[in-house]
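Per-entry structural report
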Amino acid sequence: MIKTPKLVMIPGPTPVVRSIQDQMARETVAFGDAGFVADFKGVVADLKSMWRCDGEAFVIAGSGTLAMEMAVANVTKRGDSVLICSHGFFGDRFIDMCANKGLAVDTLKAEWGSVYTPEQMDAALSAKKYAAVTVTHVDTSTGVVVPLKAICDMMKKKHPDVMLIVDAVAAAAGAEAWMDWGIDVLLTCSQKAFGVAPGLAILWASRKAVEKRRSLGTIPESYADFERWIPIMNDPSKYWGTPPVNMIWALKESVRIIKEEGLEERYARHIRQAGYFVAGMEALGFRPAAPKEMRAPTLTVFFYPEGSGLEDAAFRAKLGEEGIYSAGSLAGFAGKSFRLGHMGNIDKHILVGAMAAVERACLKCGYKIEPGKGLGALQAGLAKE
Ligand SMILES: *Cc1c(COP(=O)(O)O)cnc(C)c1O
């Protein structure tokens, strides 16, 4: 029997292209190796300039959650107040993290499938003195994207002293964000729109955030401390925690691919591909959780068609047999919808393969669709590319 590899269509990890895999398979060298040191330095410099960062960029072994923790650790101190703006599961993840650190936590919550406005943020931030505010660029539980540019503009105008932390784990390199919009800490990790295997936390800190960190003096964290890592990021021949050599090479190849495509085109491509894919799913009767103007370009939560008889666990198991890994939904969305990622190094073959598998899974689960209906809508879009 021919074994077909499964496409990883969950919202991270995302498909890892051959040239990136090849970097992970290279013979590992000493972290002081001159070639590696130059590669590491180059990656950090590229990240800084590509995201228009006037401060520092960090590439650290860890996952996105470490990056979240690191962001909070470096711009707040015990007793500070922080406003957590949440429109889903990952927004909420900051709550315990900040409370356990001894911060006074207030929340601004939007209903799942929706988002708060910059005006609501402004009102909440005006009520008392906050050290920092957290925003989740795309919440992976809902597939909703926040109006980040409008939020940044509001922050610049009304609350320039409050540190703006943006969790862009399910967005960076797939949905538009630039540090010079006024973001203080932007964070992500390797396995989402960068299309690298899991293993790296990636952060950008504005000059203002770096200065804020300096003003805090000694902080309780060590591994998560910007001050420990800045000398390494500026000169990776120095040591503070062994760098994951092969992962950094893999990230370097990912950054090369992103540069070749161009970040602006990459953002635009994500929007176009998401539009085509959602049109295909809608043709099959699936309904995205997010209204059109709030829909993330990187992943979609799809509600099962009414009356389709599709049962979540059985459908996703069948989808797996047909060659696609999908993700179940969380909390209130669980059972009624499922999640598909479409971020990173996604090409036409992958999108067509995914849609075809969805159609076969529908048919095999007894939902009588017209075969090719979703594919037809998707192909009509892809043919414009
Ligand atoms: C995946 C994700 C995280 C957590 O990242 P891990 O690598 O799983 O630790 C945090 N925030 C968002 C928005 C995510 O999508």
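Scroll up for the structure.
Presented here is an overview of the structure given in this document. (Residues numbered from 1 in each chain as written. Predicted model: local features only at pLDDT ≥ 70, side-chain atom pairs only at ≥ 80, totals over all residues. Heavy atoms only, no water.)

Once that is clear, we can look at the sheet that holds strand 5 (residues 132–136). Ordered in space as 2-10-9-8-5-3-4, the 7 strands form an open sheet in which the pairing is mixed. The sheet is open, and its two borders are formed by strand 2 (56–61) and strand 4 (104–109), each paired with just one other strand. Each strand axis lies, on average, 20° off the axis of its neighbour in the sheet, ignoring direction. Direction of pairing for strand 5 relative to strand 8 (residues 163–167): parallel, over a ladder of 5 bridges. By the bridge assignment for strand 8, Thr 136 is matched with Asp 167. Most of the contacts of helix 2 (residues 34–50) go to strand 2, to which it runs at about 130°, and overall it touches strand 2 and strand 10 (200–205). Against the sheet, helix 3 (residues 64–75) contacts strand 2, strand 8, strand 9 (185–189) and strand 10, and its axis sits at roughly 160° relative to strand 9. (Pairing = 2+ DSSP bridges. Helix = DSSP H or I, 4+ residues; strand = E, 2+ residues; numbered from the N terminus. Axes fitted to C-alpha atoms, helices over the stretch in contact; angles between N-to-C directions. Contact = heavy atoms within 4.5 Å.)

What follows concerns the site of the ligand. Lining the immediate surroundings of the ligand are 15 residues, of which Ser 63, Thr 65, Thr 140, Asp 167 and Lys 192 lie closest. Within the side chain of Lys 192, one N or O atom sits 2.7 Å away from an oxygen atom of the ligand. Expressed as a share of its isolated accessible area of 380 Å², the protein-covered part of the ligand is 89%. At the level of elements, helix 3 and helix 4 (89–100) are the ones that each hand at least two residues to the shell around the ligand. Class assignment of the residues belonging to the shell around the ligand gives a composition of 6 nonpolar, 6 polar and 3 charged. (Near = heavy atom within 4 Å. Polar contact = N/O pair within 3.5 Å; in protein donor to acceptor, adjacent residues only side chain to side chain. Areas by Shrake-Rupley, 256 points an atom, 1.4 Å probe, with all protein chains shown as cover. Nonpolar A, V, L, I, M, F, W, Y, C, P; charged D, E, K, R; others polar.)

On to the nonpolar core, then. Counting 103 residues, the largest nonpolar core has Leu 47 and Phe 194 as its most contacted members. Looking at this core element by element, the count peaks at 9 residues for helix 9 (residues 245–261). Beyond its immediate stretch of four places on either side in the chain, Leu 47 contacts Ala 57, Val 59, Phe 194, Ile 202, Trp 204, Leu 251 and Val 255. One finds Met 281, Phe 286, Ala 354 and Ala 357 within the second-largest nonpolar core, a separate group that totals 30 residues. (Core = buried A, V, L, I, M, F, W, Y, C linked by side-chain atoms within 4.5 Å. Buried < 20%, exposed > 50% of the residue type's maximum accessible area, 1.4 Å probe, protein only.)

What the rule picks out here adds up to 19 aromatic pairs. An angle of 85° between the planes, with centres 6.0 Å apart, marks the rings of Phe 36 and Trp 249 as edge-to-face. Placement of Phe 36 in helix 2 and of Trp 249 in helix 9 is noted, with a sequence separation of 213 residues between them. Of the two residues, Phe 36 and Trp 249, both sit in the buried class. Plain terms: the ring middles of Phe 58 and Phe 226 are 4.4 Å apart, the flat faces sit at 15° to each other, and that makes the pair stacked. (Phe/Tyr/Trp six-rings, centres within 6.5 Å; stacked < 30°, edge-to-face > 60°.)

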